[in-house]
Amino acid sequence: MPHCHVITQPAHRKETKMAVCIAVIAKENYPLYIRSVPTQNELKFHYTVHTSLDVVEEKISAAGKSLGDQRELYLGLLYPTEDYKVYGYVTNSKVKFVIVVDSSNTSLRDNEIRSMFRKLHNSFTDVMCNPFHTPGNPIQSKAFDEIVSGMMAPSA
Amino acid sequence: MPEVSLFTLVPSTGMADDALFEFLHMEIVAHVYRDLQSLKGDTDTKDRSSRVSILEGMGYRVGQGLIERLTRDSPCFKDELDIMKFICKDFWTKVFRRQVDNLRTNHQGTYVLQDNKFNLLTQLSNGKQYLDQAPKYLAFSCGVVRGALSNLGLESVVTAEVSVMPSCKFQVVIQKL
């Protein structure tokens, strides 16, 4: 069971910074990159990410209507399900990042999630500047894969 | 150490980035015109427009990547005018090392950006001698602006004209879907 595996690790390992699913969605709302912990049913995560897009759109349009408000890129907790918590982030180019974490992982604080998003955004910017990458194509960068692996829960 | 790369044109590092880009740009234009000419013979209007679109296409891809890097830390833009102001100030400063001198709009999606000392034209002499060559050197920059706007969510058509060197006007027409 992946959950037991995390508890038995020593405290200085990044036990607290683990996501179960990370996705990058293009502005036209199709996935550019989606990776989940393989022990779980991947289709379930795809579905979770898909449904979270509605909440993302809602947050974006709600923030847009409040006058004079400088909207942040970090959207915060999108919605909690009984097993998972879903966080969102949108860039200025309307690319969305979604991180799904286990609900039982209560030690993950807000600013840790923010820093995960920042790392993703930085790595994504590098991918965009790679002349061999065409915007709109799925992301196939090893560097990006490594950043994401560093944030995902280890597979059992 | 500040980054030295053509994708992050940081003006004040004292490194040779700016001159490198100017030389590269001149050579790109020369290459596109020289190579295609050797294949197809004399220039005619159809060839000329395909070369301009090659340069513009290059600029488009560069603009997309650049804007991703330059807006990484800035807050979201409120509206179209806000985006255009960003292009005229921060973006123009980072890419062309100066701000746009004049921005005019009809508030219906057409913007005219006037730069009185466009830095990719300053190397050409100020008189009328090279006036008809000037559009070749503006195609890439039109593409950069179009790529930047496209990644910010605005599809547009960007054209440029020169009447008095080195001042030029970029016309941006936002396409409403």
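Residues numbered from 1 in each chain as written. Chains lettered and ligands numbered in written order. Predicted model: local features only at pLDDT ≥ 70, side-chain atom pairs only at ≥ 80, totals over all residues. Heavy atoms only, no water.

Trainee: What's the story with the overall build of chain B in this structure? I'm lost.
Mentor: Of regular secondary structure, chain B possesses 4 helices and 4 strands. Listing every helix and strand of chain B by position from the N terminus yields α-α-α-β-β-α-β-β. Per-residue burial for chain B yields a buried fraction of 44% across its 177 residues. For chain B, the proportion of contacts with a sequence separation of at least 24, taken over those separated by at least 6, is 57%. For chain B, the accessible surface area stands at approximately 9200 Å², while carbon and sulfur atoms represent 54% of it. (Helix = DSSP H or I, 4+ residues; strand = E, 2+ residues; numbered from the N terminus. Buried < 20%, exposed > 50% of the residue type's maximum accessible area, 1.4 Å probe, protein only. Contact = heavy atoms within 4.5 Å. Areas by Shrake-Rupley, 256 points an atom, 1.4 Å probe, with all protein chains shown as cover.)

Trainee: Honestly, the pattern of salt bridges in this entry has me stumped. Any pointers?
Mentor: Once the charged atoms of two side chains with opposite charge are near each other, the side chains can pair. All names here are of chain B. Summed over the entire model, instances satisfying the criterion amount to 9 salt bridges over all chains. Residue Arg146 is joined to Glu56 by a salt bridge in which the shortest nitrogen-to-oxygen separation is 2.9 Å. Taken together, the residues span a long stretch of sequence, with Arg146 in helix 4 (residues 134-151) and Glu56 in helix 2 (residues 45-70) at a distance of 90 residues. Relative accessible area serves as the criterion here: at 21%, Arg146 is assigned to the partly exposed category. By relative accessible area, which is 15% here, Glu56 ends up buried. The partner of Asp115 in a salt bridge is Arg98, with the nearest N and O atoms 2.8 Å apart. On the criterion of sequence distance, the pair formed by Asp115 in strand 2 (residues 110-115) and Arg98 in the loop between helix 3 (80-96) and strand 1 (102-105) is long-range, its members being 17 residues apart. Residue classification places Asp115 among the buried positions, given a relative accessible area of 0%. Take Arg98: its relative accessible area is 23%, and that puts it in the partly exposed class. Three or more residues are tied together by salt bridges with common partners; here these are Arg98, Asp101 and Asp115. (Salt bridge = Lys/Arg side-chain N within 4 Å of Asp/Glu carboxyl O.)

Trainee: I tried to follow helix 3 (residues 110-129) of chain A on my own but got confused; where do I start?
Mentor: The periodicity of an α-helix, 3.6 residues per turn, causes residues three or four places apart in sequence to face the same way. Spanning 20 residues, helix 3 of chain A covers 29 Å between terminal C-alpha atoms, matching the ideal 28 Å at 1.5 Å per step. Every buried residue of helix 3 of chain A is accounted for by Glu112, Ile113, Met116, Phe117, Leu120, His121, Ser123, Phe124, Thr125, Val127, Met128 and Cys129 of chain A. (Expected span 1.5 Å × (residues − 1).)

Trainee: Can you walk me through the sheet that holds strand 5 (residues 96-102) of chain A in this structure?
Mentor: Paired through their backbone hydrogen bonds, the strands of a sheet run either parallel or antiparallel. Residue and element names in this part refer to chain A. In space, the 5 strands of this open sheet follow the order 2-1-5-4-3, with antiparallel pairing throughout. Every interior strand has two partners, whereas the edge strands, strand 2 (31-36) and strand 3 (74-80), have only one. Ignoring which end each strand starts from, the neighbouring axes of this sheet average 15 degrees apart. Bridge count for strand 4 (residues 84-90) against strand 5 is 7 bridges, and the pairing is antiparallel. Along strand 5, the bridge assignment pairs Lys85 with Val101. Docked against the sheet, helix 4 (residues 142-151) engages strand 1 (21-25) and strand 2, running at close to 40 degrees with respect to strand 2. (Pairing = 2+ DSSP bridges. Axes fitted to C-alpha atoms, helices over the stretch in contact; angles between N-to-C directions.)

Trainee: I keep staring at the confidence of the model for chain A and nothing clicks. Help me out?
Mentor: Parts of the model with low pLDDT should not have their predicted coordinates read in detail. Here chain A averages 78 in pLDDT, while 79% of its residues score no lower than 70. Considering only residues more than four positions removed or in separate chains, one finds that residues 4-16 of chain A, a stretch of pLDDT under 50, has 10 contacts. (pLDDT = per-residue confidence, 0-100.)

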